[in-house]
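# A closer look at the structure
Each chain is listed here by its residues.
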Amino acid sequence: MEQSHKPRALLSVYDKTGIVDFAKSLDELGFQLISTGGTARKLKDAGLSVISVSDVTGHPEIFDGRVKSLHPAIHGPLLARLEHEEDRLGLAELGYGPINLVACNLYPFSEAANQQPRLDDPDLLEMIDIGGPTMVRASAKNHRNVIIVCNPVNYAKVIAELKAAGSSEAVALHFRQSLALEAFEHTASYDSAISGELHARWVGRPEAFDDKSEQELRLPAALLSSAAKVHNLRYGENGHQSAAMYIDPKEIGKHSTLVTAHVEGGKQMSYNNYSDADATLRLCRSLSTGEWPNTPHACVIVKHNNPCGAALGKTQLEAYEAALASDPESAFGSIICFNEPLELSTAKAMEPLFIEVLMAPNYHQEAKEFVMQKKNRRILTIESPNDRLAALERILVKKPIEGGWIVQTEEAPIIDWDKAKVVTKVQPSQAELDSMRFAVRVCEQVKSNAIVMVQGTATVGIGPGQTSRVEAVKIAARRAGERAKGSVLASDAFFPFKDGLEQAAGAGASAIVQPGGSIRDQEVIDAADEMGVSMLFTGHRLFRH
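First things first, this report covers the structure right here in the doc. Each chain carries its own residue numbering, running from 1 in the written order of its sequence. The predicted origin of the model limits local features to residues at a pLDDT of at least 70 and limits the giving and counting of side-chain atom pairs to 80 or more, whereas totals for whole chains, interfaces and linings rest on all residues. For the side-chain quantities, the full set of heavy atoms in the structure was used; hydrogens and water were omitted.

Moving on to the pattern of salt bridges. Here, a salt bridge means any side-chain nitrogen of Lys or Arg that lies within 4 Å of a carboxyl oxygen of Asp or Glu. Applying the stated criterion to the full structure yields 23 salt bridges. Between aspartate 278 and arginine 282 there is a salt bridge, with the nearest N and O atoms lying 3.0 Å from each other. Here aspartate 278 and its partner arginine 282 are both found in helix H12 (residues 271–287), four residues apart, which amounts to about one turn of the helix. By relative accessible area, aspartate 278 is classed as partly exposed at 36%. Helix numbering and strand numbering both begin at the N terminus, where a helix is a DSSP run of H or I of at least 4 residues and a strand a DSSP run of E of at least 2. Burial here depends on accessible area, computed with a 1.4 Å probe over protein chains only, as a share of the maximum for the residue type. Under 20% is buried, over 50% is exposed, and the range in between is partly exposed.

Right, dumping it as structure tokens:
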């Protein structure tokens, strides 16, 4: 094959953003351009002289383009260690000239996997790039001799480096390494997306099944994940910690999650803001269901990952005022989420309160103008169907621990209320049963040990994150004050001793809902009967750590 002393660049990209200008700049720098398929046609249409890969390999593309660049005439130059005399001589004997630069990005598998209607398996498999990742990995491995560019954002940087260095060989190693690392991250993310989607199709996602045994069968043998960095955060939980935010590739282009929400106003969101906002959004979604048709408006107020207050109301203003009344002192500097578009009356009611972050599926124009007047208040819009916050879905949660990870499915509590058992002589009223459903839903999102006291569909006292359950009862009762009288109390786990129930009844709780399951259940039931309190066992524990 004919050799050339000109540096050679191989350009084969699916995302053709900026590729013509990049190729023109390379041409001006004296590069010979090699290309494939659609990329070659685009460059030729732009008036550039391009050598096809088939001309380089002496072999046509086959199987509808499935095999184009998989040939020694391509991968020999990509992998040749030019600093080794043996490799240089071997390349020359074969008649292959070096390839100094590769621009390659891959078929958009994730976009294809997210298409609606869903692609059939054969069509989706066609979107798995083979030649591209092979070229990218080969070039990245041999980055001392081959400059690899996967992201069009880097085209201008590469041209600037080439011009500054005077030749491709003189481009600095640290720059080559940064591009090579990005290339390996690109292919790793790509493979993770493929394995994740095929696992979902051929095995099933654990979170897609209701039955625990079915979920267990579908937990992956290898826990893979990838995410793209959005930007650095100002700091982590504390000022000495570094932090950044990453996006799930499946969510790119959407605005229906916390990470992809529209953010307006004030300073940049912090690590703590996002952490607290996640807890707020999770609880608000769990209340944004059709279970309470007479009180469709939900408001959740969170501070340091625990709810200060949560309420449902016939109107948004009613929901906000009830949630705030649960713990107005702790609500200072809080995060608030609504499940319906923010209304002006609610915006005006919030005016005296210092709020770090406000979230809603939308904002009435006058309401948005009003809340945006506050400095340093972040306004997040979570796009939602019909402008109503979508309900909480079951997900697979990964938690890092020393030496690995633990995973579990997580969802709003699914309790079969028909099987829940009243264990006391006193029967709860229908109103108390309705309040129990709400109290349990809130309690599941409170750090353990957790106690929640409610009146109707509004919290009046929350005892979060205590090592002692009786202490959690005391905290909830103290915050509820007089409103503890006649309240419904929910506990995230059983009462190990009767003292917790005695504290609850003594504070005024008239009905209690708890999982049951303690070896001292009868002792607790007897205490409830003595104090005239109704109690229901759900058989469903709600720990959150």
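Next comes the rest of the account.
Okay, the sheet that holds strand S3 (residues 50–52) next. The sheet built from five strands is open, its strands ordered S3-S2-S1-S4-S5 with parallel pairing. What marks the edges here is a single partner per strand, and that holds for S3 and strand S5 (147–149). On average, each strand axis in the sheet is inclined to that of its neighbour by 25°, with strand direction left out of account. Strands pair, by our definition, only if DSSP identifies at least two bridges between them. Bridge count between strand S1 (residues 8–13) and strand S4 (residues 101–105): five bridges; the pairing is parallel. Considered in S4, the bridge of leucine 10 is made with valine 102. Each axis is a line fitted through C-alpha atoms, taken for helices only over the stretch in contact, and angles between the N-to-C directions span 0 to 180 degrees.

Counting buried positions over the seven residues of strand S9 (residues 297–303) gives six, a clear majority of the element. By the bridge criterion, seven bridges tie S9 to strand S10 (residues 306–313) in an arrangement that is antiparallel. The residue of S10 that forms the bridge with alanine 298 is leucine 312. If you look at the hairpin formed by S9 and S10, you'll find two residues sitting between the two strands, and histidine 304 has a positive phi there, around 50°. Pairing between S9 and strand S11 (residues 334–338): four bridges, direction antiparallel. The residue of S11 that forms the bridge with cysteine 299 is phenylalanine 338.

Let's shift gears to a negative patch on the surface. A surface patch of negative charge is lined by Asp499, Glu523, Asp526 and Glu530. Among the elements that take part in the negative patch, helix H19 (residues 521–531) stands out by supplying three residues, more than any other. Tracing the backbone through its elements, the reader meets aspartate 499 in helix H18 (residues 498–507). Residues qualify for a patch when their relative accessible area is over 30% and they have no salt bridge, like charges being joined within 9 Å and the nonpolar side chains of Val, Leu, Ile, Met, Phe, Trp and Tyr within 5 Å. Only the protein chains shown count as cover for residues, with accessible areas throughout obtained via the Shrake-Rupley method and a probe of 1.4 Å. A positive count includes Lys and Arg, and a negative count includes Asp and Glu. His and the chain ends are not counted in either. A single reference atom marks each charge: NZ on Lys, CZ on Arg, CG on Asp, CD on Glu.

This part takes up the environment of isoleucine 415. Inspection of the secondary structure assignment puts isoleucine 415 in the loop between strand S15 (404–410) and strand S16 (421–422). Given the relative accessible area of 12%, isoleucine 415 is considered buried. In this structure the C-alpha to C-alpha distance between isoleucine 415 and arginine 541, which are 126 residues apart in sequence, comes to 9.9 Å. Every residue in contact with isoleucine 415, bar those within four places of it in the chain, is listed here: Val440, Thr538 and His540. Contact between two residues is taken to exist if any of their heavy atoms lie within 4.5 Å; hydrogens are not considered.

For the rest of this paragraph, the subject is unusual backbone geometry. Here the residue pair glutamine 116 and proline 117 is connected by a cis peptide bond, since its omega of -5° sits within 30 degrees of zero. Considering the arrangement of structural elements, one finds proline 117 in the loop between helix H6 (109–113) and helix H7 (121–125). The peptide bond linking serine 448 to asparagine 449 adopts the cis configuration, its omega dihedral lying at -10°. Its location among the elements puts asparagine 449 in the loop between helix H16 (430–443) and strand S17 (451–455). Positive phi, normally seen in glycine, also occurs at histidine 304, with a value near 50°. The class for histidine 304 is exposed, based on a relative accessible area of 64%. Unusually for a residue other than glycine, asparagine 376 sits at a positive phi of about 65°. When you line up the elements, asparagine 376 lands in the loop between helix H15 (365–371) and strand S13 (378–381).

For the rest of this paragraph, the subject is the layout of surface pockets. Considering only enclosed or pocket space, the second largest pocket measures out at about 1200 Å³ in volume. Along its surface, the second largest pocket is lined by 32 residues, and His186, Ser189, Ala228, Pro249 and Ile252 are the ones closest to its centre. Elements with a minimum of two residues in the lining of the second largest pocket: H6, helix H10 (173–202), strand S6 (228–233) and strand S7 (243–247). At six residues, the largest contribution of residues to the lining of the second largest pocket is made by H10. Under the grouping applied here, Gly and all other residues not named as nonpolar or charged are polar, the nonpolar ones being Ala, Val, Leu, Ile, Met, Phe, Trp, Tyr, Cys and Pro and the charged ones Asp, Glu, Lys and Arg. Looking at the lining of the second largest pocket residue by residue, the classes come out as 17 nonpolar, seven polar and eight charged. An automatic or database domain assignment is the source of the domain bounds shown. No fewer than three residues from each of domain 1 (6–196) and domain 2 (250–385) sit in the lining of the second largest pocket. Grid points spaced at 1 Å and placed over the protein atoms alone form the basis of the search, with a cavity being a set where a 1.4 Å probe fits but cannot get out and a pocket an open set showing protein on both sides within 12 Å along at least five of seven lines. Lining residues have an atom within 4 Å of a point. Grid points are joined across faces, edges and corners, and a volume is the space filled by probe spheres set on the points.

A word on the side chain of threonine 424. Checked against the element boundaries, threonine 424 lands in the loop between S16 and H16. Looking at threonine 424, the relative accessible area reads 7%, which means it is buried. Here the side chain of threonine 424 touches valine 426 through a polar contact of 2.8 Å, landing on its backbone oxygen. We call two N or O atoms a polar contact when they sit within 3.5 Å, provided that within protein one can donate a hydrogen and the other can accept it, with sequence-adjacent residues counted only if both atoms are side-chain atoms. Among the polar contacts made by the side chain of threonine 424, one reaches the main-chain amide nitrogen of methionine 535 at a distance of 2.9 Å.

This brings us to a nonpolar patch on the surface. A cluster of nonpolar side chains, Leu219, Leu223, Trp405 and Val407, forms an exposed patch at the surface whose accessible area comes to about 380 Å². Within the secondary structure, leucine 219 is located in the loop between helix H11 (212–217) and S6. Judged by relative accessible area, which is 38%, leucine 219 ranks as partly exposed.

Each nonpolar core is a collection of buried residues, namely Ala, Val, Leu, Ile, Met, Phe, Trp, Tyr and Cys, held together in the definition by side-chain atoms within 4.5 Å. Among the nonpolar cores identified, the biggest contains 46 residues, and Leu287, Met359 and Trp417 are the most heavily contacted of them. It is H12 that contributes the most residues to this core, seven residues altogether. When residues are assigned to domains, this core turns out to be shared by domain 2 (250–385) and domain 3 (415–535), each giving three or more. When near neighbours in sequence (up to four residues on either side) are disregarded, leucine 287 contacts Trp292, Ala298, Val300, Ala310, Leu312, Phe438 and Arg441.

Everything listed is a geometric property; what it means functionally is a separate question.
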